[in-house]
Each structure stands twice: as structure tokens, then as C-alpha cells.
Amino acid sequence: QVQLVESGGGLVQAGGSLRLSCAVSGRIFSINDMGWHRQAPGNQRELVASITRGGNTNYADSVKGRFTISRDNGKNTVYLQMNSLKIEDTAIYYCNMGIWRITGNYEDYWGQGTQVTVSS
């Protein structure tokens, strides 16, 4: 059974920082793209940042210069460092990975979500 396990969410004041982590649980062959999405109440889920296996990154305009996505291929883990947090960053954050399983199948996996709340 392959799962993505997220950690690092919580409550922080505006201007503060949080670091999210998402690790693969279970045996896999390799991982292609990794990403973080978020969904605020009443809003659609949106892409926050993504990173390819080679390290190329992409960010939503709203987080450019404040958030940094990184990955550790040896640990099958993706991180999201969030600095200068704003109240509008409040949302449930979900990690996402495209994974090649040892069975040879390619599947898209999602984490369970972690709440990030930014207060004034």
C-alpha cells in the first residue's frame, strides 16, 4: 500500500513561517513530478508549487518569492518552506506525486491534507 504522509501544518501569525513535509510510505520504483496544492473554504483546489524530478520548479504567482518547494529523491519526500505568510494563505494543503510503482503501474497520489491557518 502506497500512501503520502504529510506533516508540518499548524497555526502561525501573519509574517511567520511554516515548513510542510510529505513522504511516501510503501515500496515504489520512482517518482516523477511532486507538488503542493491548497484549498480554502469556498474555493477550488489550486496549485501552489511543483517540482520535476530534475529540480525544475513552478510557483503560483501569489506565492512567488515567499514559498520554496524542494525534494529529496533519496527520501522520497517533498517540502514546502512557507515564509512571510499571509492570512490569505490559510487553507488545507495537499501534496501530490506521480509515482511509478514496483508493479510497473504509474499512478497519481495525494496526501491526506494538512491545515495551515494564518492569524492576524
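Here the structure is a predicted model, which is why all the values come from computation and not from measurement.

Asker: Give me the lowdown on the sheet that holds strand β7 (residues 67-72), citing residues and values where you can.
Answerer: Pairing in this open sheet of 4 strands is antiparallel, and the strands run β1-β3-β8-β7 from one edge to the other. Looking at strand neighbours, the two that pair on one side only are β1 (3-7) and β7, the edges of this open sheet. On average, each strand axis in the sheet is inclined to that of its neighbour by 15°, with strand direction left out of account. Inspection of the sheet shows β1 paired to strand β3 (residues 18-25) by 5 bridges, in the antiparallel sense. Bridge assignment links Val 5 to a residue of β3, and that residue is Ala 23.

Asker: Before we move on, could you go through the packing of aromatic side chains and cite the residues and values that matter?
Answerer: In the structure shown here, the tally under the stated rule is 1 aromatic pair. Between Trp 100 and Tyr 106, the ring centres sit 4.9 Å apart and the planes meet at 55°, which makes this aromatic pair tilted. For Trp 100, a relative accessible area of 35% puts it in the partly exposed group. Its end group placed over the ring of Tyr 94, Arg 45 keeps NZ or CZ at 3.7 Å from the ring centre. A cation over a ring is seen here: Arg 45 above Trp 110, with NZ or CZ 4.9 Å from the ring centre.

Asker: I'd like a description of the side chain of Asp 89, backed by residues and values.
Answerer: Within the element layout of this structure, Asp 89 appears in the loop between β8 (77-82) and β9 (91-100). In this structure Asp 89 comes out as buried when scored by relative accessible area, which is 1%.

Asker: Give a detailed account of the side chain of Arg 38, specifying residues and quantitative values.
Answerer: In this structure, Arg 38 sits in strand β4 (residues 30-39). Among the polar contacts listed, one links the side chain of Arg 38 to the side chain of Asp 89, at a separation of 2.9 Å. Here Arg 38 is in contact with Gln 44, Arg 45, Glu 46, Val 48, Ser 62, Val 63, Phe 67, Glu 88, Asp 89, Ala 91, Ile 92 and Tyr 93, once residues within four sequence places are set aside.

Asker: With reference to specific residues and values, describe the environment of Leu 4.
Answerer: Relative to the helices and strands, Leu 4 is located in strand β1. Residues Leu 4 and Tyr 94, 90 residues apart in the sequence, show an inter-C-alpha distance of 9.6 Å. Leu 4 has contacts with Cys 22, Ala 23, Val 24, Cys 95, Asn 96, Met 97, Ile 99, Tyr 109, Trp 110, Gly 111 and Gln 112, leaving out every residue within four places of it along the chain.

Asker: Before we move on, could you go through the nonpolar core and cite the residues and values that matter?
Answerer: In terms of nonpolar packing, the biggest core is built from 32 residues, with Trp 36, Val 78, Leu 80, Met 82, Tyr 93, Met 97 and Ile 99 touching the most fellow members. Of all elements in the fold, only β3, β4, β5 (46-51), β7, β8, β9 and β11 (114-119) reach the threshold of two or more residues within this core. In terms of residue count, β9 provides more of this core than any other element does, 5 residues in total. Once you skip the residues sitting within four places of it in the chain, Ile 99 turns out to touch Val 2, Leu 4, Val 24, Ile 28, Ser 30, Ile 31, Asn 105, Tyr 106, Glu 107 and Tyr 109.

Scoring rules and cut-offs
Residues numbered from 1 in each chain as written. Predicted model: local features only at pLDDT ≥ 70, side-chain atom pairs only at ≥ 80, totals over all residues. Heavy atoms only, no water. Pairing = 2+ DSSP bridges. Helix = DSSP H or I, 4+ residues; strand = E, 2+ residues; numbered from the N terminus. Axes fitted to C-alpha atoms, helices over the stretch in contact; angles between N-to-C directions. Phe/Tyr/Trp six-rings, centres within 6.5 Å; stacked < 30°, edge-to-face > 60°. Buried < 20%, exposed > 50% of the residue type's maximum accessible area, 1.4 Å probe, protein only. Lys NZ or Arg CZ within 6 Å of the ring centre and 35° of its normal. Polar contact = N/O pair within 3.5 Å; in protein donor to acceptor, adjacent residues only side chain to side chain. Contact = heavy atoms within 4.5 Å. Core = buried A, V, L, I, M, F, W, Y, C linked by side-chain atoms within 4.5 Å.

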